[in-house]
Amino acid sequence: MSTSTPSSSTSPSLSSLLSDTALIFGRYARQTLRSKLQMLFGVLMPLLYLLFFGPLLTDLPLSSSGSSWQVLVPGLLLQLALFGASFCGFGIIVEKQYGVVERMRVTPVSRLALLLGRVLRDAALFVFQAVLLVLAALAMGLRAPLPGILIGFAFVAVLTVALASLSYALALKVSTPQEFGPVINAVTMPSMLLSGLMLPMSLGPGWLDVLSHFMPFRYLVDAVRAAFVGSYASSAVLYGVLVAAAFAALSVTYCTRVFRRSAA
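Residues numbered from 1 in each chain as written. Predicted model: local features only at pLDDT ≥ 70, side-chain atom pairs only at ≥ 80, totals over all residues. Heavy atoms only, no water.

Novice: Teacher, can you tell me more about the pattern of salt bridges here?
Specialist: Pairs may arise between side chains of opposite charge once their charged atoms sit close together. The tally for this structure, following the rule as stated, stands at five salt bridges. Ionic pairing is found between Asp122 and Arg121, a salt bridge with its closest N-O pair at 2.8 Å. Each member of the pair, Asp122 together with Arg121, is buried. Within the structure, one salt-bridge network assembled from shared partners comprises Arg27, Glu95 and Arg118. (Salt bridge = Lys/Arg side-chain N within 4 Å of Asp/Glu carboxyl O. Buried < 20%, exposed > 50% of the residue type's maximum accessible area, 1.4 Å probe, protein only.)

Written out as structure tokens, the structure is:
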């Protein structure tokens, strides 16, 4: 009898977390499906880079392995997650103003589920937008192995979970969009420039390349570019997986604590 007690107490807790997460995910997924413009316009900026910036790089030797499209498109995929997920917190600021967050705090729903439901919706949305971006890139000349493309989608999902979590945590700590926006801009722009999203950092001066290695996103970009040329077992992919997993775990853990403290 005593051996069955831990499993019986753990199982309802896990099932409750899963059901609560599915409930929150469904709520925000329905909101997203009702807003077709949000689904399509979120991919607009990377698509414009693809259409107007990509052809300029076609004949340039950006990498010793792979075409210029195999360099540019992975960066645009992660740019989609970087800028899109970083601004997800605006939604919570609006919900705070309308009292939605306060009403959720008094419910028995798991605080972790309140976070996971949101970030999983965000991950699904940006992976969908990433699919649209890759389809456009294929029409323009991208040639990449299917496993490499799928690995790219996985990195988009993991990066979205990490950045959306941090964005929600920041949104819970500030009061207005005027406080939230400048902080996000101050973080995303250096992240884009130092991670080599547009062009490999190896093309820049040595000091800039060295500095970029202190930017975690650099390892994710290198990993997706390696996957797009079929180098699945390379050290770049390994480092990218480790950095992405650690970043997501730390972000979700921190944001969950912020959710719990805000509900106290």
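Back to the text.
Novice: How should helix H11 (residues 216–228) be read in this particular structure?
Specialist: Helical geometry note: an α-helix holds 3.6 residues per turn, so side chains three or four residues apart project in the same direction. Under the 1.5 Å per step criterion, the end-to-end length of H11 is 19 Å for 13 residues, consistent within 8% with the ideal 18 Å. Taken across its 13 residues, H11 has ten buried, putting it largely inside the fold. For H11, every residue scored as buried is listed here: Phe217, Arg218, Leu220, Val221, Ala223, Val224, Arg225, Ala226, Ala227 and Phe228. Within two residues after H11, Gly230 carries a phi angle of roughly 90°, on the positive side. (Helix = DSSP H or I, 4+ residues; strand = E, 2+ residues; numbered from the N terminus. Expected span 1.5 Å × (residues − 1).)

Novice: How should I be thinking about the nonpolar core in this particular structure?
Specialist: Generally speaking, soluble globular proteins have nonpolar side chains that are buried together. Of all hydrophobic cores here, the largest spans 64 residues; its most connected members are Val73, Leu77, Leu78, Tyr168 and Phe259. Of all the elements in the fold, those that place two or more residues in this core are helix H1 (5–34), helix H4 (68–86), helix H5 (90–97), helix H7 (111–140), helix H8 (146–173), helix H9 (177–195), H11 and helix H12 (235–263). Excluding its chain neighbours within four sequence positions, the residues that come into contact with Leu78 are Phe155, Val156, Leu159, Leu197, Leu220, Val221 and Val224. (Core = buried A, V, L, I, M, F, W, Y, C linked by side-chain atoms within 4.5 Å. Contact = heavy atoms within 4.5 Å.)

Novice: What is the right way to read H5 from this model?
Specialist: Looking only at H5, the buried set comprises Ile92, Ile93 and Glu95. With its buried residues spanning 165° around the axis, H5 presents them on a single face. Once H5 finishes, Gly99 follows within two positions and takes phi at roughly 80°, a positive value. (Arc of directions from axis to C-beta.)

Novice: I would appreciate a short explanation of the packing of H4 against H7 in the present structure.
Specialist: The description of two packed helices rests on the angle between their axes and on the distance between the axes. One can describe the packing of H4 onto H7 by two numbers: an axis separation of 10 Å at closest approach and a directional angle of 155°. It follows that H4 is roughly antiparallel to H7 by the angle criterion. In terms of crossing hand, the pair formed by H4 and H7 is right-handed. Facing Trp69, Val73, Leu76, Leu77, Leu80, Gly84 and Ala85 of H4, the residues of H7 in contact are Phe126, Gln129, Ala130, Leu133, Val134, Ala137 and Met140. Taken together, the residues that form the contact of H4 with H7 break down as twelve nonpolar, two polar and no charged. (Axes fitted to C-alpha atoms, helices over the stretch in contact; angles between N-to-C directions. Parallel < 35°, antiparallel > 145°, perpendicular 65-115°, else oblique. Left-handed = near helix turned anticlockwise from the far one by under 90°. Nonpolar A, V, L, I, M, F, W, Y, C, P; charged D, E, K, R; others polar.)

Novice: Which parts of the structure should I look at to understand a nonpolar patch on the surface?
Specialist: On the surface, a nonpolar cluster with roughly 790 Å² of combined accessible area is contributed by Leu37, Leu40, Phe41, Leu44, Leu48, Leu51, Phe52 and Phe128. Secondary-structure elements contributing two or more residues to the nonpolar patch are helix H2 (36–41) and helix H3 (44–52). Among the elements that make up the nonpolar patch, the one with the highest residue count is H3 (four residues). Its location among the elements puts Leu48 in helix H3. With relative accessibility at 37%, the residue Leu48 sits in the partly exposed group. (Patch = residues over 30% accessible without salt bridge, like charges linked within 9 Å, V, L, I, M, F, W, Y side chains within 5 Å. Areas by Shrake-Rupley, 256 points an atom, 1.4 Å probe, with all protein chains shown as cover.)

Novice: How should I be thinking about the side chain of Asp122 in this particular structure?
Specialist: Along the chain, the position of Asp122 falls in helix H7. Excluding residues that lie within four positions of it along the chain, Asp122 makes contacts with Cys88, Thr160, Ala164 and Tyr168.

Novice: When you look at the packing of H4 against H8 in this model, what are you seeing that I'm missing?
Specialist: Two elements in contact, H4 and H8, have axes separated by 8 Å at closest approach and are oriented at 20°. Relative to H8, the element H4 lies roughly parallel. Considering only the axes of H4 and H8, their crossing is right-handed. Contacts between H4 and H8 involve Leu77, Leu78, Ala81, Leu82, Ala85 and Ser86 from the first element and Phe155, Val156, Leu159, Thr160, Leu163, Ala164 and Ser167 from the second.

That is the geometry; function is a separate question.
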